[in-house]
Amino acid sequence: MTPEQMQLGIKDKLPPDQNEALATETVLGQKPVQALTPLQAPLKVTIDALADKYAPSNFTHRRHVSSLMERIKDDKLAQAFHNQPELLCATCHHRSPLSLTPPKCGSCHAKEIDKVNPGRPNLMAAYHLQCMGCHKGMNVARPRDTDCTTCHKAAPKSAD
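As a starting point, this report considers the structure included with it. No experiment lies behind these values; they were computed from the predicted model shown. (Residues numbered from 1 in each chain as written. Predicted model: local features only at pLDDT ≥ 70, side-chain atom pairs only at ≥ 80, totals over all residues. Heavy atoms only, no water.)

### Describing the overall build of the chain
Here's step 1: When helices and strands are counted, the chain shows six helices and two strands.
Here's step 2: The order of α-helices and β-strands along the chain, N terminus first, is α-α-β-β-α-α-α-α.
Here's step 3: The buried share among the 160 residues of the chain stands at 18%.
Here's step 4: Partitioning the intrachain contacts of the chain with sequence separation of at least 6 by distance along the chain shows that 43% fall at a separation of at least 24.
Here's step 5: Total accessible area on the chain is roughly 11800 Å²; 57% of this is exposed by carbon and sulfur atoms. (Helix = DSSP H or I, 4+ residues; strand = E, 2+ residues; numbered from the N terminus. Buried < 20%, exposed > 50% of the residue type's maximum accessible area, 1.4 Å probe, protein only. Contact = heavy atoms within 4.5 Å. Areas by Shrake-Rupley, 256 points an atom, 1.4 Å probe, with all protein chains shown as cover.)

Here's what the structure looks like:
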């Protein structure tokens, strides 16, 4: 990568076929990618902050971490920018300090709309936006965003 190519990259004018070289030479050359194993993540996480209204959701945390790791393992560009294990956690635990033990969603998102921060989604919206948004963005076909019982137990039938 020449200094001229570096400048083109900074200005976002580098030809696409040279972008990977720019990223891997500049970022991967400075820091080796640290390994994160799925075993460092909890196997499952029970999301029960709204259990007073909805049945808890048993989130297969380790499977999701493994899936994200699988997507970047052969991608030099992704490895260049996901060069800290904590960045993988930040994929879902956004806007948190980088950590292998990030705070829960309820640390920032209240059960009800926050009158002080009305633009911040409430907890249920935050869960749904994050989960469904990721599935849509990564072209994960299931669960459909209309299939509530994939993540939540079906409500008991009433005896009417």
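### Some remarks on the environment of Glu112
Here's step 1: Here Glu112 shows up in the loop between α5 (85-90) and α6 (123-137).
Here's step 2: For the pair Glu112 and Met124, spaced 12 residues apart in sequence, the C-alpha separation works out to 8.7 Å.
Here's step 3: Apart from residues no more than four positions distant in its own chain, Glu112 is found in contact with Lys53 and Asn122.

### A few points about the state of the cysteines
Here's step 1: Tallied over the full model, the rule gives zero disulfides.
Here's step 2: Cys131 supplies the cysteine sulfur nearest to Cys105, a cysteine that is in no disulfide, at a spacing of 7.6 Å.
Here's step 3: In this model Cys134 remains outside any disulfide bridge; the closest cysteine sulfur is found in Cys92, 5.5 Å from its own. (Disulfide = S-S within 2.5 Å.)

### Overview of helix α3 (residues 61-72)
Here's step 1: Between the first and last C-alpha of α3 there are 17 Å, a value that for 12 residues agrees with the 16 Å anticipated at 1.5 Å per step.
Here's step 2: Restricting attention to buried positions, one finds in α3 the residues His61, Val65 and Leu68. Summarising the axial view, the buried residues of α3 lie within an arc of 65 degrees, below the 170-degree limit, and thus occupy one face.
Here's step 3: Structurally, α3 contributes buried residues whose contacts are with β1 (45-47), β2 (57-59) and α5. (Expected span 1.5 Å × (residues − 1). Arc of directions from axis to C-beta.)

### Quick notes on the side chain of His135
Here's step 1: If you trace the backbone, His135 turns up in helix α6.
Here's step 2: Those residues in contact with His135, other than ones at most four positions away along the chain, are His64, Val140, Arg142 and Pro143.

### A short note on α6
Here's step 1: Taking 1.5 Å of rise per residue, 15 residues should cover 21 Å, and α6 covers 21 Å from first to last C-alpha, within 8% of that figure.
Here's step 2: Of the positions making up α6, those classed as buried are Leu123, Ala126, Tyr127 and His135. One side of α6 holds all its buried residues, which, seen down the axis, span an arc of 140 degrees. Projecting away from the buried face of α6 at angles above 90 degrees are the exposed residues Leu129, Lys136 and Gly137.

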